[in-house]
Amino acid sequence: MMNYFLILFQICINTAAQLFLKSGAKALDFSQSVTNIFWSMLCNVNVWIGGAIFIVSFLLWLYLLNQFDLSFLYPFGSLSFVLAAIGGWLIFGECMNIYRACGIFLVFMGVIFIAKS
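As the structure is a prediction and not an experimental result, all values here were calculated from the model. Chains are numbered independently. Their residues run from 1 in the order of the written sequence. For this predicted model, a pLDDT threshold of at least 70 governs which residues receive local features, and a threshold of 80 or more governs which side-chain atom pairs are given and counted, while totals over whole chains, interfaces and linings are taken from all residues. Hydrogens are left out, water is left out, and the side-chain values use all remaining heavy atoms of the structure.

(A) The arrangement of the packing of aromatic side chains in detail. Think of it this way: a Phe, Tyr or Trp ring, Trp meaning its six-membered ring, pairs with another when their centres are within 6.5 Å, and the plane angle makes it stacked under 30 degrees, edge-to-face over 60, tilted otherwise. Per the stated rule, a full pass over the model turns up 7 aromatic pairs. Residues F68 and F72 carry aromatic rings whose centres are separated by 5.6 Å and whose planes lie at 25° to one another, so their mutual orientation is stacked. With respect to class, F68 is no different from F72; both count as buried. Through a chain of ring-to-ring contacts, three or more aromatic side chains come together here, namely Y4, F68, F72 and F76. The buried label goes to any residue with under 20% of its type's maximum accessible area, the exposed label to any with over 50%, and the partly exposed label to all in between, with areas taken from a 1.4 Å probe on protein chains only.

(B) How the structure looks around the pattern of salt bridges. Whenever Lys or Arg places a side-chain nitrogen within 4 Å of a carboxyl oxygen from Asp or Glu, that contact is recorded as a salt bridge. Here the structure, examined in full by the defined rule, presents 1 salt bridge. Among the ionic pairs, K22 bridges to E94, the shortest N-O distance being 3.4 Å. A residue pair is termed long-range when its members are at least 10 positions apart, and K22 in helix α1 (residues 2–26) and E94 in the loop between α5 (79–92) and α6 (98–115) qualify at 72 residues. Only runs of H or I of at least four residues qualify as helices and only runs of E of at least two qualify as strands under DSSP, and these elements are numbered from the N terminus.

(C) How the structure looks around the environment of A27. Within the fold, A27 resides in the loop between α1 and α2 (34–42). Along the backbone, A27 and G110 are 83 residues apart, and their C-alpha atoms lie at a distance of 35 Å.

If you want it as structure tokens, here you go:
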């Protein structure tokens, strides 16, 4: 049971990393030189937080790969797409139209079917 909680936790922190990186990317000015962009990234707290969370997510993913079949575990990663789309809509005001909502629903249903297998 704990490993199933860890799957959900890994999905959530992977999504959190994406949201932090998005926030950090929005603060960057990509019209500058590559050197200035690089230094801006290094000084951006959200980029650092997102990267740190990704490292934790990666390490947890390695543990989970040891515990589950890849064919069972990997589709759960698609729930990050679902949470990232919802997070983008709620936090950044990104578009959420009927097509995107239906796609999110289909991905979610697919993961439920795989979880039951």
